[in-house]
Structures are given as C-alpha cells and as structure tokens.
Amino acid sequence: MGPHPAVAAIRLAVRRVLHDVLTDLTVPADPRTGAGAPPLVLVACSGGADSMALASALAFEAPKLGIRAGGITVDHGLQPGSDLRAAEVVSRMTALRLDPVESVAVRVGRDGGPEAAARDARYAALDEAADRLGAAAVLLGHTRDDQAETVLLGLARGSGIRSLSGMAEVSGGPGRNNRYRRPFLQVDRQTARKACMVQSLAVWDDPHNIDPAYTRSRLRHEGLPALEKALGKGVVEALARTAQLSRDDADALDAWAAEAETGVRDEDGRLECAKLYALPPAVRRRVLRRAVVAAGSPAGSLFARHIEEVDRLITGWRGQGAINLPGRVEAQRQGGRLVIRQG
C-alpha cells in the first residue's frame, strides 16, 4: 500500500524540483577521488504546516537522488519566545534526519512596513546561510493559496502585469544561480496540512497569520472567503492560473525591453526621448524601470506610479522639472535626452 495521497502529492512535487536542481547543477569534481561532491539542498522551515510538509518530503526524496538535505529556520525575534520556537523547529528537522540544520536570528527593520521588512531580513539570512554552506538550492513552502493571495495583493497595488504574475517557481538574484525553488505552487494549503497530519508531524501555527493587523492575514481570512462566496469555488485555482499566464507575458515583454534598450540610447549611452516615444507603452515603461533601477532606485520601492511620472517626461512633455524617485534618484529631460541619476 502506497503513501496517503497528500503525502504522495508533496513528495512528487519535491522530487520534480530536485530533478530540476540536478539538471541545472554542474557538480564540481573532488580532486582527490574524481567523484562529484553531493549537492546540498536546504529547506527554509518556519515550523508551519507548509514548510514542515516540505521538510519531510525533502528528507524522504533527497537521499534517493544522492542529494544532501539540510534545513534553516529564521528567528525574526518578533514574538515572545521566538528563540524557543526556533530551537523546537531545529529539533523537528533534526528528527527528520536533515543535516546540517541551523537557526538564524535576524533583526527586522522598518522599511516598507512590517511584512516587507521581515521578508527582507529572512531572505538576507537565507542567502547568507546558503552561501556559507554552499547550498545548490533553497526550497520554500509557498502554496497555491499563497500564490493566489500574492496575485490579489498585486492587483490591489495596481502594480502591473509583473506584480500579477505572483511568485516564480524558480528565482534568485544576481550570482545566486536560481537559488530559490517553490515546489508547492501547484499544491493547495490543505494538502500540505493533511500530509503533516497523516505523518504525525507537529506543526506551529504562527499567530501573525490570523492577526488582522497584517494585510495578508485579512486577505486570507476575509477577502478570499468573500470572493469565493460571491464568485463560487475555484477562485484560488483561477488566480494561480492567472499568475502563470501573467508571468509568461511579463517575461516576453521584459525580454523585448532588454533588446529594445540598446536601440534607444545615443553614442554616449543616454536615453533618447524620441526613440523612447516610438516604443509600445508596455515596452517603454520597462526600459524606463530598468534604467531607474540601474541608477540606484530599490526595485522593491519602485511602483507603477513612479514609472508613470517618468513616462510623462516622454509622452506629456510640457517643460516639467525633475521627478524624484526612491533611492534619491531623479529623472529629468534635457535637450531631448532623459537623464536618470542619483541626486
């Protein structure tokens, strides 16, 4: 008799991702033996049902593929006893025979609000741990439900198609070689919780997830249920599907913008307003966003309204002054050229 369907589903999702990691990975040879060093894959585990289900599936599947499996939990220090909770998560991951296993404490700042600040601190800690341990990948337990929530949050911000594309199955910054993998984006939250239950895995329910002070919590417990009541079941699946379709479109437009950017600069590398004006709006705004980020504006603080203001220097020029942007970057039109620089 095989495993419970929920357990089988999460294991299959993880197995597919591990195969992808091996396919993408060039394993360095050990000079002493000539053999490839076994790659290390880490799971980011909060102790919640989603990440515990992921940790258990990684512990089961990794050895069969010759992969070392480890785990990292991040102590945000935002709740009393968070260090004890982190120690308990370490104990649970160790019981699954993950190795190495670590708890990393972080200091959460204030930039962008509490949720964004915690996320930034968490990813910085995961990056540091992955670099230090030489991990080939870090698995994250985001589910299809998380994806649906992310799409709705992007829609509420009015941030455009890239925001609607939600979370990528594979992501990672420059030099990080597609480090982050999300095996559960096609798995619903209930399946992950069921997998924990049938395996008798203890889970920790973060009180922040039901705290109405947090936007995502309100969306999860009030917004999505209201949508399903009004529109019927299937909203989560439809939103996740929208994310994938939007991502495909956004990727294509980003590639177009990257190619078009070289053709709208003069011999000194300055952006020419007339050539920018000739581009389709969706491509032009992407070129502008790339230029603003390259000038030093933080991508996470740059919203559609900022790019719209810069775009008006091209499409609605009336002699207006410089546009102030996040990161002390300013954009202004000078002699038919768009100048974007830090002030």
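Everything discussed here concerns the structure shown above.
Below you will find a few notes about this structure. Since the model is a prediction, treat every value here as computed from it, not as a measurement.

Reading guide: rules and limits
Residues numbered from 1 in each chain as written. Predicted model: local features only at pLDDT ≥ 70, side-chain atom pairs only at ≥ 80, totals over all residues. Heavy atoms only, no water. Phe/Tyr/Trp six-rings, centres within 6.5 Å; stacked < 30°, edge-to-face > 60°. Lys NZ or Arg CZ within 6 Å of the ring centre and 35° of its normal. Helix = DSSP H or I, 4+ residues; strand = E, 2+ residues; numbered from the N terminus. Axes fitted to C-alpha atoms, helices over the stretch in contact; angles between N-to-C directions. Parallel < 35°, antiparallel > 145°, perpendicular 65-115°, else oblique. Contact = heavy atoms within 4.5 Å. Nonpolar A, V, L, I, M, F, W, Y, C, P; charged D, E, K, R; others polar. Pairing = 2+ DSSP bridges. Right-handed = clockwise from strand over helix to strand, strands pointing away. Buried < 20%, exposed > 50% of the residue type's maximum accessible area, 1.4 Å probe, protein only. Expected span 1.5 Å × (residues − 1). Arc of directions from axis to C-beta. Core = buried A, V, L, I, M, F, W, Y, C linked by side-chain atoms within 4.5 Å. Left-handed = near helix turned anticlockwise from the far one by under 90°. Salt bridge = Lys/Arg side-chain N within 4 Å of Asp/Glu carboxyl O.

1. As for the packing of aromatic side chains
Tallied over the full model, the rule gives one aromatic pair. Geometry around tryptophan 204 places arginine 85 over its ring, the cationic atom sitting 4.9 Å from the centre.

2. Re the environment of aspartate 251
Along the chain, aspartate 251 falls in helix α9 (residues 235-261). Along the chain, aspartate 251 and arginine 270 lie 19 residues apart, while their C-alpha atoms are 25 Å from each other.

3. What to know about the packing of helix α8 (residues 215-231) against α9
Running from N to C, α8 and α9 cross one another at 105°; their axes reach a closest spacing of 9 Å. The angle between α8 and α9 places the two elements in the roughly perpendicular class. In this structure, α8 contributes Leu224, Leu227, Glu228 and Leu231 to the contact, and α9 contributes Val235, Val236 and Leu239. Classifying every residue of the contact of α8 with α9 by side-chain character gives six nonpolar, no polar and one charged.

4. Describing the pairing of strand β3 (residues 101-105)
Relative to β3, strand β2 (residues 68-75) runs parallel, the two sharing five bridges. Within β3, the residue paired with glycine 71 across the bridge is valine 101. The handedness of the β2 to β3 crossover, carried by helix α3 (residues 82-95), is right-handed.

5. Some thoughts on the environment of arginine 218
As for its placement among the helices and strands, arginine 218 is situated in helix α8. Residue arginine 218 is classed as partly exposed on the basis of its relative accessible area, which comes to 35%. In this structure, arginine 218 is in contact with Pro212, Ala213 and Gly223, ignoring residues within four places of it in sequence.

6. Observations concerning α3
For α3, with 14 residues, the first-to-last C-alpha span of 20 Å sits near the 20 Å given by 1.5 Å per residue. Buried within α3 are the following residues: Ser82, Arg85, Ala86, Val89, Val90, Arg92 and Met93. All buried residues of α3 fall inside an arc of 165° around its axis, so they share one side. Across from the buried face of α3, at angles greater than 90 degrees, the exposed residues are Leu84 and Ala95. Contact partners of the buried residues in α3: β1 (40-44), α2 (49-61), β2 and β3.

7. Thoughts on the nonpolar core
Counting residues in hydrophobic clusters, the biggest one holds 36 residues, and the most contacted among them are Val41, Leu58, Leu98 and Phe184. Among the secondary structure elements, those contributing two or more residues to this core are α1 (5-24), β1, α2, α3, β4 (137-139) and α7 (189-198). With residues up to four places along the chain from it excluded, the contact list for phenylalanine 184 reads Ile10, Ala13, Val14, Asp50, Ala53, Leu54, Gly141, His142, Thr143 and Arg144.

8. Notes on the packing of helix α11 (residues 281-294) against helix α12 (residues 304-315)
For the pair α11 and α12, interaxial distance at closest approach is 10 Å and the crossing angle is 115°. When you trace α11 past α12, the crossing you get is right-handed. Contacts between α11 and α12 involve Arg284, Arg285, Leu288, Arg289 and Val292 on the former and, on the latter, Ile307, Val310, Asp311, Ile314 and Thr315. For the contact of α11 with α12, the class distribution of residues is five nonpolar, one polar and four charged.

9. Digging into the environment of glycine 109
Inspection of the secondary structure assignment puts glycine 109 in the loop between β3 and α4 (114-133). For glycine 109, a relative accessible area of 45% translates into the label partly exposed. Sequence separation of glycine 109 and serine 171 is 62 residues, and the distance between their C-alpha atoms is 23 Å.

10. As for the pattern of salt bridges
In total, this model carries 30 salt bridges according to the counting rule given. One salt bridge in this structure joins arginine 144 and aspartate 188, with 3.8 Å as the shortest N-O distance. Of the two residues, arginine 144 is situated in helix α5 (residues 144-157) and aspartate 188 in the loop between β6 (180-181) and α7; the sequence distance between them amounts to 44 residues. The partly exposed category is assigned to aspartate 188, whose relative accessible area is 23%.

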